[in-house]
Amino acid sequence: MLDPSTLLDAARLRADFPLLQRTVHDGRPLVYLDVRGLASLLVRVFDGLPAAEAAAADLWFAREIGLAEHLSPNRANGLDAMVRTIRQAAGAA
């Protein structure tokens, strides 16, 4: 099982991506991520993991930073497709 603390530091992620620090009028995070932005988040999570760990990785950080609730349906589908592709490739390795 993966230890989330070794995969990604949410505070550092917010520092690396200043848009994750912005909020809308009611204090909720305001996030603009394109496909490159979403892909770069996945690179930070999956890069260097052994195939078995990548295939089983939990994307807990998306819940922790509130990403999932701020993605449009199209962006959420794109993120899901990228994750499925990575997991399938890792499972085949």
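Residues numbered from 1 in each chain as written. Predicted model: local features only at pLDDT ≥ 70, side-chain atom pairs only at ≥ 80, totals over all residues. Heavy atoms only, no water.

Moving on: the overall build of the chain. Along the chain, the regular secondary structure elements total 6 helices and 0 strands. Scanning the chain from its N terminus toward the C terminus, one meets helices and strands in the order α-α-α-α-α-α. Counting over 93 residues, the chain shows a buried share of 31%. At a minimum sequence separation of 6, the contacts of the chain that also span at least 24 residues come to 68%. Accessible surface for the chain amounts to roughly 5,900 Å². Of this, 54% is attributable to carbon and sulfur atoms. (Helix = DSSP H or I, 4+ residues; strand = E, 2+ residues; numbered from the N terminus. Buried < 20%, exposed > 50% of the residue type's maximum accessible area, 1.4 Å probe, protein only. Contact = heavy atoms within 4.5 Å. Areas by Shrake-Rupley, 256 points an atom, 1.4 Å probe, with all protein chains shown as cover.)

The next thing to look at is empty space enclosed by the protein. Counted according to the given criterion, the structure contains 1 cavity of 30 Å³ or more. Roughly 40 Å³ of volume is contained in the largest cavity. Taken together, Leu38, Leu41, Leu42, Leu59, Phe61, Ala62, Leu67 and Leu79 make up the lining of the largest cavity. Elements supplying a minimum of two residues to the lining of the largest cavity: α3 (35-46) and α5 (60-64). (1 Å grid on protein atoms, 1.4 Å probe; cavity = no way out; pocket = protein on both sides within 12 Å on 5 of 7 lines; lining within 4 Å. Points joined across faces, edges and corners; volume = space filled by probe spheres on them.)

Turning our eyes to something else, we now look at the pattern of salt bridges. Using the criterion set out here, one finds 2 salt bridges in the structure. Where Arg44 meets Asp16, a salt bridge forms, and the shortest distance between an N and an O atom there is 2.5 Å. Placement of the pair is Arg44 in helix α3 and Asp16 in helix α2 (residues 10-16), with a sequence separation of 28 residues. A relative accessible area of 29% places Arg44 in the partly exposed class. The exposure class of Asp16 is partly exposed, given its relative accessible area of 38%. A salt bridge links Asp80 to Arg84; its shortest N-O distance comes to 2.9 Å. Note that Asp80 and Arg84 are positioned in helix α6 (residues 73-92) at a spacing of 4 residues, about one turn of the helix. (Salt bridge = Lys/Arg side-chain N within 4 Å of Asp/Glu carboxyl O.)

Mean pLDDT for the chain: 77, with 81% of residues reaching 70 or above. Between the elements of the chain, mean pLDDT differs from a low of 58, seen in helix α1 (residues 4-7), to a high of 88, seen in helix α4 (residues 51-56). (pLDDT = per-residue confidence, 0-100.)

A general feature of soluble globular proteins is that nonpolar side chains tend to end up buried together. Among the nonpolar cores identified, the biggest contains 20 residues, and Phe46, Leu59, Phe61, Leu67 and Leu79 are the most heavily contacted of them. Considering every element that reaches this core, the biggest residue donor is α3, with 5 residues. Once residues lying within four places of it in the same chain are set aside, the contact partners of Leu79 are Leu38, Leu42, Leu67 and Leu71. (Core = buried A, V, L, I, M, F, W, Y, C linked by side-chain atoms within 4.5 Å.)

The next subject is the environment of Ala39. Within the secondary structure, Ala39 sits in helix α3. Between the alpha carbons of Ala39 and Gly78 there is a distance of 9.6 Å; along the sequence they are 39 residues apart.

On to the environment of Arg28, then. Tracing the sequence through the fold places Arg28 in the loop between α2 and α3. When the C-alpha positions of Arg28 and Gly66 are compared, they lie 8.8 Å apart, and in sequence the two are 38 residues distant. Not counting chain neighbours up to four residues away, the residues in contact with Arg28 comprise Arg22, Thr23 and His70.

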